[in-house]
Number of protein chains: 2
Amino acid sequence: MNPKYYSLPKEKQEAILNAGFHVFSQNTYKKSPMSEIANAAGISKALLFHYFHNKKELYLFLWDTCCRITVEEMTRSGAYEQKDLFGSMDYGMQAKLRLMRQYPDIGVFAVRAFYEKDPEVSADIQKSMGQYLNTHAAKKLQNLDPEDFIPGIDLQMMYREMYWASEGCLWEYIQRGSMNVDEMEKDFRKLLEFWKTIYLRKNRDGI
Amino acid sequence: MNPKYYSLPKEKQEAILNAGFHVFSQNTYKKSPMSEIANAAGISKALLFHYFHNKKELYLFLWDTCCRITVEEMTRSGAYEQKDLFGSMDYGMQAKLRLMRQYPDIGVFAVRAFYEKDPEVSADIQKSMGQYLNTHAAKKLQNLDPEDFIPGIDLQMMYREMYWASEGCLWEYIQRGSMNVDEMEKDFRKLLEFWKTIYLRKNRDGI
DNA sequence: GATGAAGTTGACCGAAGCGGTTAACAGAGG
DNA sequence: CCTCTGTTAACCGCTTCGGTCAACTTCATC
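This structure is a prediction, so every number in the text was calculated from the model and none was measured. (Residues numbered from 1 in each chain as written. Chains lettered and ligands numbered in written order. Predicted model: local features only at pLDDT ≥ 70, side-chain atom pairs only at ≥ 80, totals over all residues. Heavy atoms only, no water.)

### A closer look at the relation of the copies chain A and chain B
Thinking step 1. Overlaying chain A on chain B yields an RMSD of 0.1 Å, the required transformation being a rotation through 179 degrees with an accompanying axial translation of 0.0 Å. What the rotation and shift describe, once combined, is the action of a two-fold rotation axis.
Thinking step 2. Take the interface residues of chain A: 100% of them recur as interface residues in chain B, which is what a same-surface contact looks like. (Least-squares fit on C-alpha atoms with pLDDT ≥ 70 in both. Contact = heavy atoms within 4.5 Å.)

See below:
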């Protein structure tokens, strides 16, 4: 790619990113036209080809950027250092919401790219995945103290259930198209509070 | 449309339905080629145009069929007559699983069609929606007896949470591509059992 | 086995869209 | 005035699109 891309004003860089995320998240790789991306970014197709030699290069750049900023944001959020499960989920949620405010389509783009089957790009996508795979969930689960939760609960099932519910909630917003991140934050907060009331052991011994 | 479609053998009719559901669920309306659908159905493009005069007609026929068989299956399942909440969810789940076994892409198709924005079809889709909107959830919620559940629980929140978790679980399978409905059923069953253990009041008075 | 209706298709059409290129334009600095 | 940088409209060759049509196959009926 052309390094001059980086000397573009930040807003222009982001406009291109978001245009790419948007178009590639709605269509397959092959059926995502460069002209549509250029239009969405507010520049001409020729200029887009000036910064990225071809479609594949833009696509892989988007994928890389997507992975990088996600990891950065999650790390910076402090979610991984939190001892408390719900605190950690809270921080993680805030990080993801911040990302979605800045790049509304990054989530759907990531999913579609991960499962993209076009041989022109699929191999490169999968190759670069190893470094980004999330293994924090398993560790988090092992470090939980069963005494903190209601007696007899299946902690792994609890965790899966909470994960699915967040995904389902997020998915509902995504489907609806242009998403209202503020509304989403409210819903997530409500979920978190609800989980605390049903999962946490309230009268722990000696407290 | 050509009524001779209905005198086709059932397998051929289903093949066309599934081919349509599949292609239209992966791409926008405009970017879903008739040739691809014909291929997936195992017939020639010319024959597909013999049964459906044009693309729009096929699309709206698919949408109509999708709505109709979903309502039929849900009604027939008996989920709406069940008094018990979890029993009703169980029946509903089984109905949906049956649908997904027969028409693997019908779910994603329905979502995409509902939010399709192409002016050639969007108006017709929205117009035919009124009759299919699901109002059973609200009624179900009103008829619940708080005494059946753990004290102090927010029943509406509980319902939303369960709904989201099922959607999240389903969504995980959908993303992964070709879905294993048997695995899915296992997961849903586990969810149902888990919910019973945490939401139901176990020692109800006098029992 | 001739006939005709019904089912099915390969080949085709004009139009549109694709990835990518190029020649030219606009403007700022010297 | 010139030159360098950023930017684009117009273009190219090619593919794909929705839709048509003439021809081929199949098969029941006479």
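### Topic: the nonpolar core
Thinking step 1. Judged by nonpolar contacts, the single largest core of 56 residues is most densely connected at A:Trp195, A:Tyr199, B:Trp195 and B:Tyr199.
Thinking step 2. Where this core is concerned, the elements lending two or more residues are α5 (85-102), α9 (155-175) and α10 (181-199) of chain A together with α5 (85-102), α9 (155-175) and α10 (181-199) of chain B.
Thinking step 3. In terms of residue count, the dominant contributor to this core is α9(A) (11 residues).
Thinking step 4. Non-local contacts of A:Tyr199, meaning those with residues more than four positions away in its chain, are made with A:Phe86, A:Phe149, A:Ile150, A:Ile153, A:Met158, A:Glu161, A:Met162, B:Phe194 and B:Ile198. (Core = buried A, V, L, I, M, F, W, Y, C linked by side-chain atoms within 4.5 Å. Buried < 20%, exposed > 50% of the residue type's maximum accessible area, 1.4 Å probe, protein only. Helix = DSSP H or I, 4+ residues; strand = E, 2+ residues; numbered from the N terminus.)

### Notes on the protein's contact with DNA strand D
Thinking step 1. Near DNA strand D lie 14 residues; those nearest to it are A:Tyr51, B:Pro33, B:Met34, B:Lys45 and B:Lys55.
Thinking step 2. In DNA strand D, atoms within 4 Å of the protein come 54% from sugar and phosphate.
Thinking step 3. Between DNA strand D and A:Tyr51 there is a distance of 3.0 Å, counted from a phosphate oxygen to a side-chain nitrogen or oxygen.
Thinking step 4. Between DNA strand D and the protein, one listed contact pairs a base oxygen with a side-chain N or O atom of B:Lys45 at 2.4 Å.
Thinking step 5. Every element with two or more residues in the surface near DNA strand D is listed here: α3 (45-51) of chain A together with α2 (34-41) and α3 (45-51) of chain B.
Thinking step 6. Split by residue class, the surface near DNA strand D holds seven nonpolar, four polar and three charged. (Near = heavy atom within 4 Å. Polar contact = N/O pair within 3.5 Å; in protein donor to acceptor, adjacent residues only side chain to side chain. Nonpolar A, V, L, I, M, F, W, Y, C, P; charged D, E, K, R; others polar.)

### A look at the interface of chain A and chain B
Thinking step 1. On the side of chain B, 33 residues touch chain A, which itself brings 33 residues to the contact.
Thinking step 2. At the surface where chain A touches chain B, the tally comes to four salt bridges.
Thinking step 3. Counting every contact that joins chain A to chain B gives 13 residue pairs in polar contact (both at pLDDT 80 or more).
Thinking step 4. Broken down by secondary-structure element, the contributors of at least two residues to the side of chain A that touches chain B are α6 (106-114), α9 and α10 of chain A.
Thinking step 5. Residue composition of the side of chain A that touches chain B, by class: 17 nonpolar, five polar and 11 charged. (Salt bridge = Lys/Arg side-chain N within 4 Å of Asp/Glu carboxyl O.)

### What to know about α10(A)
Thinking step 1. For α10(A), built from 19 residues, the straight-helix expectation of 27 Å at 1.5 Å per residue is met to within 8% by its first-to-last C-alpha distance of 26 Å.
Thinking step 2. If you check which residues of α10(A) are buried, you get A:Val181, A:Met184, A:Asp187, A:Phe188, A:Leu191, A:Leu192, A:Phe194, A:Trp195, A:Ile198 and A:Tyr199. Down the axis of α10(A), the smallest arc covering the buried residues is 165 degrees, so these residues share one side.
Thinking step 3. Of the surrounding elements, those touching the buried residues of α10(A) are α5 and α9 of chain A together with α9 and α10 of chain B.
Thinking step 4. Capping of α10(A) at its N-terminal end is provided by A:Asn180; its side-chain oxygen lies 3.1 Å from the backbone amide nitrogen of A:Asp182. (Expected span 1.5 Å × (residues − 1). Arc of directions from axis to C-beta.)

### Quick notes on the protein's contact with DNA strand C
Thinking step 1. Surrounding DNA strand C, one finds 14 residues, the nearest of these being A:Pro33, A:Met34, A:Lys45, A:Lys55 and B:Ala46.
Thinking step 2. Among the atoms of DNA strand C close to the protein, meaning within 4 Å, 50% are from sugar or phosphate groups.
Thinking step 3. One of the backbone nitrogen or oxygen atoms of A:Met34 is found 3.0 Å away from a phosphate oxygen of DNA strand C.
Thinking step 4. Here B:Tyr51 contributes a side-chain N or O atom positioned 3.0 Å from a phosphate oxygen of DNA strand C.

### As for the pattern of salt bridges
Thinking step 1. Within the structure shown, the criterion is met by 30 salt bridges over all chains.
Thinking step 2. Note that A:Glu73 and A:Arg98 form a salt bridge whose closest N and O atoms lie 2.3 Å from each other. Of this pair, A:Glu73 sits in helix α4 (residues 55-77) while A:Arg98 sits in helix α5, and the two are 25 residues apart along the sequence.
Thinking step 3. Here B:Arg189 makes a salt bridge to B:Glu185, at a shortest N to O gap of 3.0 Å. Of this pair, B:Arg189 and B:Glu185 are both found in helix α10, four residues apart, which corresponds to roughly one turn of the helix.
Thinking step 4. By relative accessible area, B:Arg189 is classed as partly exposed at 30%.

### Comments concerning the packing of α4(A) against α6(A)
All names here are of chain A.
Thinking step 1. Two numbers describe how α4 lies on α6: the axes approach to 10 Å, and their chain directions differ by 120 degrees. One element, α4, and the other, α6, form an angle in the oblique class. Seen along the crossing, α4 lies across α6 with a hand that is left-handed. Where α4 approaches α6, its residues Tyr 59, Leu 62, Trp 63, Cys 66, Ile 69 and Thr 70 are matched on the opposing element by Ile 106, Phe 109, Ala 110, Ala 113 and Phe 114.
Thinking step 2. When its residues are assigned to classes, the contact of α4 with α6 shows 10 nonpolar, one polar and no charged. (Axes fitted to C-alpha atoms, helices over the stretch in contact; angles between N-to-C directions. Parallel < 35°, antiparallel > 145°, perpendicular 65-115°, else oblique. Left-handed = near helix turned anticlockwise from the far one by under 90°.)

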